[in-house]
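# Observations on chain architecture
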Amino acid sequence: MSEAIENLSAILVTLRNKLLVIAAVLLTGVVVSFNFTGPLIERMKIDLLPEGAKLVYVSPLEVMMLQLKLSIIIGLLITLPIIAFYAYRAISRKYSIKIPVSIGKGQFFFLSISVVIMFILGVAYSYFLMLPLFLKFLYLDAESSGVTATYSIFKFISFIATTTAIFGLVFELPIVLTFLTRNGFVKYSTLVTYRKHIYVLAMFVAALVTPGADVFSQMMVAVPMVIFFEISMVIVRVIGVKNKVSKTDSSLS
């Protein structure tokens, strides 16, 4: 009994220490990035606000709350690698007998570089390609109806920031799914089985981040997510086939 209590106490202390590290990194990211949110908002307004549209604020604290939200998003993005690392260590230790997990220094370096590159590509796709077309379409649609486009600065910038962050993470899917399947955490057959559920999840996420309730807005966000998931599935399948072939060749030799 005392041994079980000691083990539980050790687990709680370890968990507390990890949560303190995560909270410290998150708080640091929020505080540091808060100083840069003003120029960031101005840059988003210049780059993505359609010509003729206007931004307004409807409450005295709206701009400050927007800056806080942006800094929290940045802080969370900075904290995610630490959370992923802690989760990986916890899972690999728990299933170390069943799942052979090993990452060399070279693989870790390549994985880190790939994660950064794919995130930048996702951000660039969202910010420079999808959002300008999407926001311009919404503005022209409103203008054709004789409506003056006046956006809340909080909702407009929040939509841009949230969508950009989400697509940065969506572009990580090939790396994440490849890593999970190669190390035995998830099977390709499981992803196939729950494919429809993932489609529904993509629509749910799109409904949360899009400013309007129309289906077109949601599809503009959800369809790229689904496409990139399918690209990830193809990559996982190809790598899985290569692994089977290499194992067969080694067994024959």
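Chains are numbered independently. Their residues run from 1 in the order of the written sequence. Residues qualify for local features only when their pLDDT is at least 70, as the model is predicted, and side-chain atom pairs are given and counted only at 80 or more; totals for whole chains, interfaces and linings, by contrast, use all residues. Side-chain metrics in this entry use all non-hydrogen atoms of the structure; hydrogen atoms and water are not considered.

## Quick word on the environment of Ser158
Comment: elements are numbered from the N terminus, with helices defined as DSSP H or I runs of at least four residues and strands as E runs of at least two. Within the fold, Ser158 resides in helix α5 (residues 153–170). For the pair Ser158 and Leu66, spaced 92 residues apart in sequence, the C-alpha to C-alpha distance is 7.2 Å. Residue contacts are counted whenever heavy atoms from the two residues lie within 4.5 Å of one another. Ignoring any residue separated from it by four or fewer positions in sequence, one finds Ser158 in contact with Leu66, Lys69 and Ile153. Any N or O atom pair separated by 3.5 Å or less is treated as a polar contact, with the protein-specific requirement of one donor-capable and one acceptor-capable atom, and with residues adjacent in sequence counted only for side-chain atom pairs. Only 2.5 Å separates the side chain of Ser158 from the backbone oxygen of Phe154, close enough to count as a polar contact.

## Focus on the pattern of salt bridges
Put simply, a salt bridge is a Lys or Arg side-chain nitrogen that is within 4 Å of an Asp or Glu carboxyl oxygen. Using the criterion set out here, one finds 3 salt bridges in the structure. The closest approach of N and O atoms between Arg43 and Asp47, which form a salt bridge, is 2.9 Å. One end of the pair, Arg43, and the other, Asp47, are both in helix α2 (residues 37–48), 4 residues apart, so they sit about a helical turn from each other. We call a residue buried when its accessible area falls under 20% of the maximum for its residue type, exposed when it is over 50%, and partly exposed in between, using a 1.4 Å probe and counting protein chains only. Residue classification places Asp47 among the partly exposed positions, given a relative accessible area of 35%.

## Some points on the environment of Leu180
Turning to its location among the elements, Leu180 is positioned in helix α6 (residues 173–182). In the structure, Leu180 is positioned 92 residues away from Tyr88 in sequence and 9.9 Å away in space, judged by C-alpha atoms.

## A look at the nonpolar core
Residues belong to one nonpolar core when they are buried, are Ala, Val, Leu, Ile, Met, Phe, Trp, Tyr or Cys, and are joined through side-chain atoms within 4.5 Å. Counting residues in hydrophobic clusters, the biggest one holds 35 residues, and the most contacted among them are Ile157 and Ile160. At the level of secondary structure, the elements contributing two or more residues to this core comprise α2, α3 (62–94), α4 (105–144), α5, α8 (195–209) and α9 (215–252). The element best represented in this core is α5, accounting for 10 residues. Apart from residues no more than four positions distant in its own chain, Ile157 is found in contact with Ile41, Met44, Lys45, Leu66 and Leu70. Counting residues in each nonpolar core, the second largest holds 5 residues, with Leu177, Leu191, Met233 and Val236 among its members.

## Focus on the side chain of Thr164
Along the chain, the position of Thr164 falls in helix α5. Thr164 sits in the buried class, given a relative accessible area of 10%.

## Looking at the environment of Lys155
Along the chain, the position of Lys155 falls in helix α5. Distance in space between the C-alpha atoms of Lys155 and Leu66 is 8.6 Å, their sequence separation being 89 residues.

## Overview of the packing of aromatic side chains
Between 30 and 60 degrees the pair is tilted, below 30 it is stacked and above 60 it is edge-to-face, where a pair is any two Phe, Tyr or Trp rings, Trp via its six-membered ring, whose centres lie within 6.5 Å. The final tally for this structure, using the stated rule, is 7 aromatic pairs. Ring centres of Phe85 and Tyr86 lie 6.1 Å apart, and the angle between their planes is 45°; on these two criteria the pair is classed as tilted. Judged by its relative accessible area of 40%, Phe85 falls in the partly exposed class. An angle of 10° between the planes, with centres 5.3 Å apart, marks the rings of Tyr151 and Phe156 as stacked. Its relative accessible area of 21% is what places Tyr151 among the partly exposed residues. For Phe156, a relative accessible area of 5% corresponds to the buried category. Through successive ring pairs, a cluster of aromatic residues spans Tyr125, Phe167, Phe171 and Phe228.

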